[in-house]
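Structure at a glance
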Amino acid sequence: MLPRSLRRRAAFFAAATAVLLAVTTAGPTTPAAADEEFRPQLVTVDTPTRADKALLQTLGLDLTEHAGHDYVEVVLHTPADLAALLGAGLGFDVRIPDLVAREAENDRVNAAYAAATTTSPLPSGRDAYRTLADYEADMAALESDHPDLVERFALPHRSLDGREIFGVEIGKDVRGPDRGLPTFVMLGVHHAREWPSGEHAMEFAVDLVESYGSDPRITDLVDRSRVVVVPVVNVDGFELSRTDGDLVDIREVDGGGTATILGNPGNAYKRKNCRLVDGQDTPDGTCRLGSPTSPGGYGTGVDLNRNYGGYWGGPGASDLFADPTYRGPAAFSEPETQNIRELVSGRHVTTLITNHTFSNLVLRPSGVAPDQVAPSEGIPLGNPFDEAALKELGDAMAAQNGYASQHAWELYDTTGSTEDWSYNATGGFGYTFEIGPDEFHPPFPEVVDEYLGKGPHAGKGNREAYLLALQNAVDPETHSVLTGRAPAGATLRLEKTVATPTWEGSIQDTLDTTMTVGPDGRYTWHVNPSTRPVVKARQVETVSGEPVAEQSWTGTTAPLQSTDQEFAVDRDVDLLEITLDWPTPDDLDLEVYRKNADGSLTQAGSSGNSVAEKERVLLQDPAQGTYVLRVVNFASLTPSWTLDAALFEAETSTVPGLVENWTLSCERDGRVLEQVPVVVDRGQQLRVDLKACGRR
């Protein structure tokens, strides 16, 4: 996932550029002499006029998103690039004269770790990041070594660059008929540069397989489920990021922050997939040619985690093709998201985890604040119907890895994300893990620590959190169960076609799942509830009247600095709203902390919208105490602001919902012999005997 500090339009990186300059060369240097070996370099080109900028854009150079009113930073990859710049007569300073020499300290740490390690403590024993070929080989080896427990499969749609996308299914008698067990899905690498997300997904698959038969807990969980792992969803983007990251990755400049990400040449920090033109495929193998560089996630491609159908097209997803959070021209426009849509729609996925980096978070639905109103519905979104249960599991998982458990919208509003669609469309619980504290792909030893736990979480970590999620997946109290009698060998089918709301309209989703009745003519089918959360009754809080207390501040904050104000919550209230406004179309951020008894701060909320979007943090049922409201000047050159905090009582109302049914069919020899409507709630067990199917 993209940290809020990078969700910005390209024209407003003046302040961020100062960070890069401060941590690179101390002063201007001269370009490499013509008779010296040329090295890729980062230069700052003088563009004091609009005409200068227009001229620079005609030279075919690699323009980064570091730009101000009188300069643009450019990566020169070849002597021809340097010659083009010199020939244009534009002045420039060399900021990093040799990008290759600035190869990341992380890479050196990785090399030292691998050299000193025979096998790591990970289930696989790996001591370095996998390549795409490594993932494919590891999945093939799991299947080859454990054919009764593992089946490797290709998802139905190839990537835009023509690659097959593989996953593994793990379960007892995995090649036998589907007997109606619940499914747990684990996903990695929606965003190309988030390498640990694939590592943890793959390690969990290896862990389950290697521990099966010797670890009673894991053996029991695998016997009671089907586990599906797709470690690399975005294969094209990952291949570019991983190979370019081996070549040049200057993370050592600022530990993986803004300056490093935007200053990197190539695709080491590519975010999106390889879409070059909306609605048009390109010849296989042309992804690299069409995506010569993608610093910070800008440039070509669709952000796959904004392309799912759940409220697609709303806040937190851009309609600009070059933006890092570009949502695509339509929901599920990309083959990678369509793959996951079909995977989830064809099984009863009772729990799903999609892994990302970074921020040490366990995020649960919803992605958009509960008082927001989608035009497609005309009423506030409210909290998820299953909020109490979603929070309970999220908190339990976070207790294992030390992460913060929160709604996704408490990070920033997001629409079109994986679990918002999967939860609202199917009712299966869904979460995002943001792995690690501060880097997209940190040194590999940190990947080991995050999986197995360290410090107070040693022996737990994400491994234990994932096991709790799998335990939730098999628990019948968290989903629904159908039982009954039907002819032995018959195919049972549950299906429905429904309207899934996007932000301004809707799409059609078809959920279609099957199982095979066992030889004794009895069946037990673990299924998701018949009524989707998105159409269930929802509780909505609306502000009642004027604030019961409020305070306002004005001030100025220098670029890349912050200003704190304190606000006391001295009574029980329903809502604390903090808003930040400023007069210019640039960028400030808002962070909110609760002050602890020892003076330390615990983050309670944040808002980091795109340029010109004002900031707002909404806290429900805020605990009494002192809150620190922090104004952060990310990229504002005229940084005067107004900060408001207000406490509100709220009225809670219930918006009536709908009751949906599954259509349960009994099929023999390809013929539908009986159909019945089935309504079943979460935690409910319903008996349905299909007698007519046996008489025909």
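Everything below is about the structure shown above.
The following refers to the structure shown. None of these values were measured; they are calculated from a predicted model.

1. What to know about the overall build of the protein chain
- Helix and strand content of the protein chain: 16 helices and 29 strands.
- For the protein chain, the residues scored as buried account for 58% of the 696 residues in total.
- When contacts within the protein chain are restricted to residue pairs at least 6 apart in sequence, those whose partners lie at least 24 apart make up 79%.
- Working note: accessible area of the protein chain is about 25500 Å², and carbon and sulfur atoms make up 50% of it.

2. Focus: the state of the cysteines
- In the structure shown here, the tally under the stated rule is two disulfides.
- Paired by a disulfide, C274 and C287 hold their sulfur atoms 1.6 Å apart. One end of the pair, C274, is in the loop between α9 (258-263) and α10 (287-290); the other, C287, is in helix α10, with 13 residues separating them in the sequence. An identical accessibility class is assigned to C274 and C287; each is buried.
- Here C666 is linked by a disulfide to C693, with a sulfur-sulfur distance of 2.0 Å. The chirality of the disulfide connecting C666 with C693 is left-handed, given an S-S dihedral of about -65°. Note that C666 is positioned in strand β27 (residues 662-668) and C693 in helix α16 (residues 691-695), a separation of 27 residues in sequence.
- Assigning the bonded cysteines of the protein chain consecutive numbers by sequence position, one obtains the connectivity 1-2, 3-4.

3. Considering the sheet that holds strand β18 (residues 549-556)
- In spatial order, the strands read β18-β25-β20-β23; together these four strands make up an open sheet with antiparallel pairing. Edge strands, defined here as strands with exactly one partner in the open sheet, are β18 and β23 (615-620). Going across the sheet, the axis of each strand differs from the next one's by a mean of 10°, ignoring polarity.
- Pairing between strand β20 (residues 575-581) and strand β25 (residues 640-648): seven bridges, direction antiparallel. Paired with E577 across the bridge in β25 is A646.

4. Digging into the pairing of strand β8 (residues 226-230)
- Most of β8 is tucked away, with five of its five residues classed as buried.
- Side chains R226, V228 and V230 of β8 all project onto a buried face; the interleaved residues V227 and V229 project onto the opposite face, where all are buried too.
- One ladder, built from three bridges, connects strand β6 (residues 166-170) with β8; its direction is antiparallel. When the sheet's bridge partners are listed, E169 is paired in β8 with V228.

5. So, helix α3 (residues 79-88)
- Of all the residues in α3, the buried ones are D81, L82 and L85. What you see down the axis of α3 is that its buried residues fit within an arc of 100°, all on one side. Projecting away from the buried face of α3 at angles above 90 degrees are the exposed residues P79, A80 and G87.

Procedures and definitions
Residues numbered from 1 in each chain as written. Predicted model: local features only at pLDDT ≥ 70, side-chain atom pairs only at ≥ 80, totals over all residues. Heavy atoms only, no water. Helix = DSSP H or I, 4+ residues; strand = E, 2+ residues; numbered from the N terminus. Buried < 20%, exposed > 50% of the residue type's maximum accessible area, 1.4 Å probe, protein only. Contact = heavy atoms within 4.5 Å. Areas by Shrake-Rupley, 256 points an atom, 1.4 Å probe, with all protein chains shown as cover. Disulfide = S-S within 2.5 Å. Pairing = 2+ DSSP bridges. Axes fitted to C-alpha atoms, helices over the stretch in contact; angles between N-to-C directions. Arc of directions from axis to C-beta.

Everything listed is a geometric property; what it means functionally is a separate question.
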